[in-house]
Amino acid sequence: MDRSFLDGLASEISSRGAREQEQVFRELRERGLSPIEAIYVASRVLRLSLPEAKTAIYASVAWRDQHADWQQIQSSLGD
């Protein structure tokens, strides 16, 4: 994870003014960011804690198709 790049991206998105959560998550998905990278950037753009950003990405329409994979990973961690 290239934090310098991600911090720059967060600054770029933030400089455009107020944004809605779904718009931010959609843009990050379209740019090809991983979920972890998207959580990191979204936490800065939307001024959320990392846990709040994680919850928000899970609830977002832009990342909905990843739910099954995320649940499988969470389940395997408990095994």
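Read on for an overview of the structure. (Residues numbered from 1 in each chain as written. Predicted model: local features only at pLDDT ≥ 70, side-chain atom pairs only at ≥ 80, totals over all residues. Heavy atoms only, no water.)

Overview of the side chain of serine 60
The topology assignment puts serine 60 in the loop between helix H4 (50–59) and helix H5 (67–78). Residue classification places serine 60 among the buried positions, given a relative accessible area of 2%. Only 2.9 Å separates the side chain of serine 60 from the backbone oxygen of isoleucine 57, close enough to count as a polar contact. (Helix = DSSP H or I, 4+ residues; strand = E, 2+ residues; numbered from the N terminus. Buried < 20%, exposed > 50% of the residue type's maximum accessible area, 1.4 Å probe, protein only. Polar contact = N/O pair within 3.5 Å; in protein donor to acceptor, adjacent residues only side chain to side chain.)

Comments concerning unusual backbone geometry
Phi is positive for arginine 47, close to 55°, though the residue is something other than glycine. Inspection of the secondary structure assignment puts arginine 47 in the loop between helix H3 (35–45) and H4. Given a relative accessible area of 76%, arginine 47 falls into the exposed group.

With respect to helix H1 (residues 3–15)
End to end, H1 covers 18 Å across 13 residues, agreeing with the expected 18 Å (1.5 Å per residue, within 8%). Looking at H1, one finds that the buried residues are Leu6, Leu9, Ala10 and Ile13. Down the axis of H1, the sector holding all buried residues measures 100°, keeping them to one side. For H1, exposure combined with an orientation more than 90 degrees from the buried face picks out Ser4 and Ser15. Residues of H1 that are buried in the fold lie against helix H2 (21–30) and H3. (Expected span 1.5 Å × (residues − 1). Arc of directions from axis to C-beta. Contact = heavy atoms within 4.5 Å.)

Side note on the packing of H1 against H3
Remark: H1 packs on H3, axes separated minimally by 9 Å, with the N-to-C direction vectors making an angle of 45°. Between H1 and H3, the angle is such that the two are oblique. When you trace H1 past H3, the crossing you get is right-handed. Taking contact as the criterion, the partners of Arg3, Leu6, Asp7, Leu9, Ala10, Ile13 and Ser14 in H1 are, on H3, Glu37, Tyr40, Val41, Arg44 and Val45. (Axes fitted to C-alpha atoms, helices over the stretch in contact; angles between N-to-C directions. Parallel < 35°, antiparallel > 145°, perpendicular 65-115°, else oblique. Left-handed = near helix turned anticlockwise from the far one by under 90°.)

Some words on the pattern of salt bridges
One pass over the full model with this rule turns up 6 salt bridges. Between arginine 44 and aspartate 7 there is a salt bridge, with its nearest N and O atoms 3.7 Å apart. Placement of the pair is arginine 44 in helix H3 and aspartate 7 in helix H1, with a sequence separation of 37 residues. A relative accessible area of 38% means that arginine 44 is categorised as partly exposed. Taking the relative accessible area as the measure of exposure, aspartate 7 reaches 32% and is therefore partly exposed. With a closest N to O distance of 2.7 Å, aspartate 65 and arginine 29 form a salt bridge. One end of the pair, aspartate 65, is in the loop between H4 and H5; the other, arginine 29, is in helix H2, with 36 residues separating them in the sequence. On the accessibility criterion, aspartate 65 (51% relative accessible area) is exposed. (Salt bridge = Lys/Arg side-chain N within 4 Å of Asp/Glu carboxyl O.)

So far we have only geometry, and geometry alone does not tell us how the molecule works.
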